[in-house]
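Descriptive analysis of the structure
Next come the chains, spelled out residue by residue.
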Amino acid sequence: MLTEINLVLSPRDASDERYYKPLVAKYLKVNSDRITGIQILRRSIDARQRNIKMNMRFRVAYDETFPDIKLSDFTYQNVSDKKKVIVVGAGPAGLFAALRLIELGYCPIVLERGKSVEDRKKDLAAIHKNRLINPDSNYSFGEGGAGTFSDGKLYTRSKKRGNLKKILEVLHFHGAQEDILIDAHPHIGTDVLPKVIVRIRETIINSGGEVRFSTKVNHLLVKNDKISGVRIESGEEINAEAVILATGHSARDIYYLLDSQKIEVEAKSFAMGVRIEHSQKLIDQIQYHNPEGRGEYLPAASYSFVQQVDGRGVYSFCMCPGGVIVPAATGDQQQVVNGMSSSRRNTAFANSGMAVEILEEDLDDFKEYGALAGLKFQEDLEKLAFEKGGSDLTAPAQRMLDFVKGVSSSDLPISSYQPGLKSSAMHEWLPKHIGSRLQKGFKKFGEKSKGFLTNDAVILGVESRTSSPVRIPRDNKTLQHVRVSGLFPCGEGAGYAGGIVSAAMDGERCAEAFYNMKLE
Ligand code: FAD
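On a predicted model such as this, the values are computed, not experimentally measured, just so you know. (Residues numbered from 1 in each chain as written. Predicted model: local features only at pLDDT ≥ 70, side-chain atom pairs only at ≥ 80, totals over all residues. Heavy atoms only, no water.)

Concerning the domain arrangement of the protein
- Looking at the protein, the domain boundaries give domain 1 (2-62), domain 2 (84-265 + 472-519) and domain 3 (269-463).
- Placing a centre on the C-alpha atoms of domain 1 and another on those of domain 3 gives a separation of 38 Å.
- Counting from both sides, the interface comprises 11 residues of domain 1 and, opposite them, seven residues of domain 3.
- For the pairing of domain 1 and domain 3, the buried interface totals around 700 Å² over both sides, and the portion due to carbon and sulfur atoms is 69%.
- The largest share of the area that domain 1 buries against domain 3 comes from Ile 45, Arg 50 and Ile 52, three residues that together contribute 49% of it.
- The interface formed by domain 1 and domain 3 holds zero salt bridges in total.
- The interface formed by domain 1 and domain 3 contains two residue pairs in polar contact (both at pLDDT 80 or more).
- Split by residue class, the side of domain 1 that touches domain 3 holds six nonpolar, two polar and three charged. (Domains from an automatic or database assignment. Contact = heavy atoms within 4.5 Å. Buried area = accessible area lost by both parts, 1.4 Å probe. Salt bridge = Lys/Arg side-chain N within 4 Å of Asp/Glu carboxyl O. Polar contact = N/O pair within 3.5 Å; in protein donor to acceptor, adjacent residues only side chain to side chain. Nonpolar A, V, L, I, M, F, W, Y, C, P; charged D, E, K, R; others polar.)

Here's what the structure looks like:
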């Protein structure tokens, strides 16, 4: 007999088959030794009450052999002699577009300004050692894109727009842990994701596609509103009848390039703020309602806050339990922070972005930049934060409660941010439409979650790359640029995704849109 059952278990009982097998047997009213196999299909934590519960779904076989079920299985055909499609950017959007093109019988040529994962690691080490940012190889640029060295959270609110299950299965097929297919809030971790990215590269190359590193696109070849290829920095021109443009939201030069080539871009709302860091122990105590913290069987706890403040959303973003804060700038004179964690999420720190929604009306001083006003605002604030930190990637920082009260911090707690912190009166220099909303938002979060608003927590400036301030407009149906045919604006940089999984889904959609265009 093969069956599926739901059980609500304690964290200990859910942690190991030797604990849950007798409970499964009891539920099915069979003797334990009749059970031939148990597979976990779904796992989520219910931490609403003091008594934490695990909601589990199992597939169970008894009195018959457990079937051999492949969790993920994909075949990628050889496309070396097929029509070529250019994919600019090897982030999740570009890589998943390339994989999908192969499935559909087209040959992707992936052009990436940054280096391979292996070489990129050396440039990240250099950021910490010499405080120098390579503008083409850093925490945002290079193989795998912005999420390669991250927490690797794999959930999205935009499930409707694509096949989330398939994205997870493709990642699993390329080496991600089985847990991502089971957990309600899956994450990969920065120790695993780079290896997965390398295997995706191998799939593309073994199928006859190309992946070219240190290949920066600096011109789009467009004639009579039709794309015919791209020019790269060396001057070489590469031709194809379609270009999937998946350059991410940090590639500001691409927006300036499109603007200079008179290819329409438009302003969109976005969000900016700070990154906050608490001790993980405190977050565990709060979220699991237990002064002892998370104990032996629960993972590092996460949180999520959202609050309307003076007509704008203030919210936590990209929370990294057991993680570290990293310098995520992509150029000179920029102070940008972000977070990452390993698969085990086992540092003593919990960090999260805290962002405030920014609308066009907040950018009156930047009107002259038209559609690029938000971009200019971002650039200016990152430069100011860089100077406030001492112009060497040290982060300007303030204790949380001091920030809310509007007083400077005389000292700072220890932090995971390796380049170090410098006390700064952030309440004075953050733009008021961000700073004052964060102050009010933090108060509200403290009311919702006792202990969260504390001077043991510290805020670091600035969390400026939460979303793109620019959209590259495309037709809803064909996904091609509203004027330039054959150009597929894709992923986060084009304004159609916000995270690893939604970018990957958009990559697949663009590949499919190209395929549909060919069918017509
Ligand atoms: P990107 O990943 O930005 O990829 C764009 C690629 O294009 C880059 O590799 C870039 O080098 C390349 N490129 C740019 N310009 C050019 C050019 N002119 N020529 C050639 N190539 C070019 N999201 C999550 O969902 N979960 C997380 O846990 C998470 N953590 C993060 C942690 C950090 C430190 C950072 C920086 C981001 C994190 N994100 C996370 C966000 C996530 O990484 C992005 O949403 C996602 O990577 C966007 O995918 P994309 O493919 O659209 O763009």
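Looking at the packing of helix 3 (residues 92-103) against helix 5 (residues 164-173)
- Packing of helix 3 against helix 5 brings their axes to within 12 Å, and their N-to-C directions diverge by 90°. As summarised for this structure, helix 3 and helix 5 are arranged roughly perpendicular, according to the angle between their axes. For the pair formed by helix 3 and helix 5, the contact residues are Phe 96, Leu 99, Arg 100 and Glu 103 on the first element and Lys 166, Ile 167, Val 170 and Leu 171 on the second.
- Counted by class, the contact of helix 3 with helix 5 contains five nonpolar, no polar and three charged residues. (Axes fitted to C-alpha atoms, helices over the stretch in contact; angles between N-to-C directions. Helix = DSSP H or I, 4+ residues; strand = E, 2+ residues; numbered from the N terminus. Parallel < 35°, antiparallel > 145°, perpendicular 65-115°, else oblique.)

Let's talk about unusual backbone geometry
- Cis geometry marks the peptide bond from Gly 461 to Val 462; its omega dihedral reads -20°.
- Summarising the element assignment, Val 462 is placed in strand 20 (residues 458-463).
- Here the phi dihedral of Arg 345 falls at roughly 45°; this positive angle occurs in a residue that is not glycine.
- Here Arg 345 lies in the loop between strand 16 (337-341) and strand 17 (349-358).

Let's talk about the packing of aromatic side chains
- Going through the model one piece at a time under the given rule, you end up with 15 aromatic pairs.
- An angle of 75° between the planes, with centres 5.0 Å apart, marks the rings of Tyr 303 and Phe 452 as edge-to-face. Of this pair, Tyr 303 sits in the loop between helix 8 (280-287) and strand 13 (306-309) while Phe 452 sits in the loop between helix 12 (432-448) and strand 20, and the two are 149 residues apart along the sequence. Accessibility assignment for this pair places Tyr 303 and Phe 452 in one class, buried.
- Arranged with centres 4.7 Å apart and planes meeting at 55°, the rings of Phe 305 and Phe 452 form a pair that is tilted. With Phe 305 in the loop between helix 8 and strand 13 and Phe 452 in the loop between helix 12 and strand 20, this pair connects stretches of sequence that are 147 residues apart.
- Since its relative accessible area comes to 7%, Phe 305 is described here as buried.
- Lying over the aromatic face of Tyr 19, Arg 12 brings its terminal NZ or CZ to 3.9 Å of the ring centre. (Phe/Tyr/Trp six-rings, centres within 6.5 Å; stacked < 30°, edge-to-face > 60°. Buried < 20%, exposed > 50% of the residue type's maximum accessible area, 1.4 Å probe, protein only. Lys NZ or Arg CZ within 6 Å of the ring centre and 35° of its normal.)

Digging into the pairing of strand 12 (residues 270-279)
- In terms of burial, strand 12 is a largely internal element, nine of the 10 residues being buried.
- The sheet contact formed by strand 12 and strand 17 spans 10 bridges and is antiparallel. The partner of Val 274 across the bridge, within strand 17, is Met 354.
- Pairing of strand 12 with strand 20, which is carried by four bridges, proceeds in the antiparallel orientation. Each residue of the ladder has a partner; that of Ile 276, found in strand 20, is Ile 459. (Pairing = 2+ DSSP bridges.)

A word on the sheet that holds strand 7 (residues 217-223)
- Taking strand neighbours across the sheet as the criterion, the three strands line up as 7-8-9 in an open arrangement whose pairing is antiparallel. Two strands lie at the open edges of the sheet, namely strand 7 and strand 9 (237-239), each paired on one side alone. The mean angle between the axes of side-by-side strands here comes to 30°, regardless of whether they run parallel or antiparallel.
- Where strand 7 and strand 8 (residues 226-232) come together, six bridges link them in antiparallel fashion. Within the sheet, the bridge partner assigned to Val 222 lies in strand 8 and is Ile 227.

Notes on the environment of Ser 10
- In this fold, Ser 10 is placed in the loop between strand 1 (2-9) and helix 1 (11-14).
- Each C-alpha atom, one on Ser 10 and one on Tyr 20, is 9.6 Å from the other, the two residues being 10 residues apart in sequence.

Considerations on the sheet that holds strand 2 (residues 35-46)
- With respect to topology, three strands assemble into an open sheet ordered 1-3-2, the strand pairing being antiparallel. Lying at the two open borders of the sheet, with one neighbouring strand each, are strand 1 and strand 2. Neighbour-to-neighbour, the strand axes of the sheet open up by a mean angle of 20°, direction not taken into account.
- In the sheet, strand 2 pairs with strand 3 (residues 53-62) via 10 bridges, with the strands oriented antiparallel. Bridge assignment links Asp 46 to a residue of strand 3, and that residue is Lys 53.

Notes on the UniProt feature "domain: FAD-dependent protein C-terminal" (unreviewed entry) in the protein
- The sites that carry the UniProt feature "domain: FAD-dependent protein C-terminal" (unreviewed entry) are, in the present numbering, residues 269-466.
- Span residues 269-466 is 26% helix and 29% strand, its end C-alpha atoms 11 Å apart. (UniProt positions renumbered as here; feature names shortened; annotations may be inferred.)

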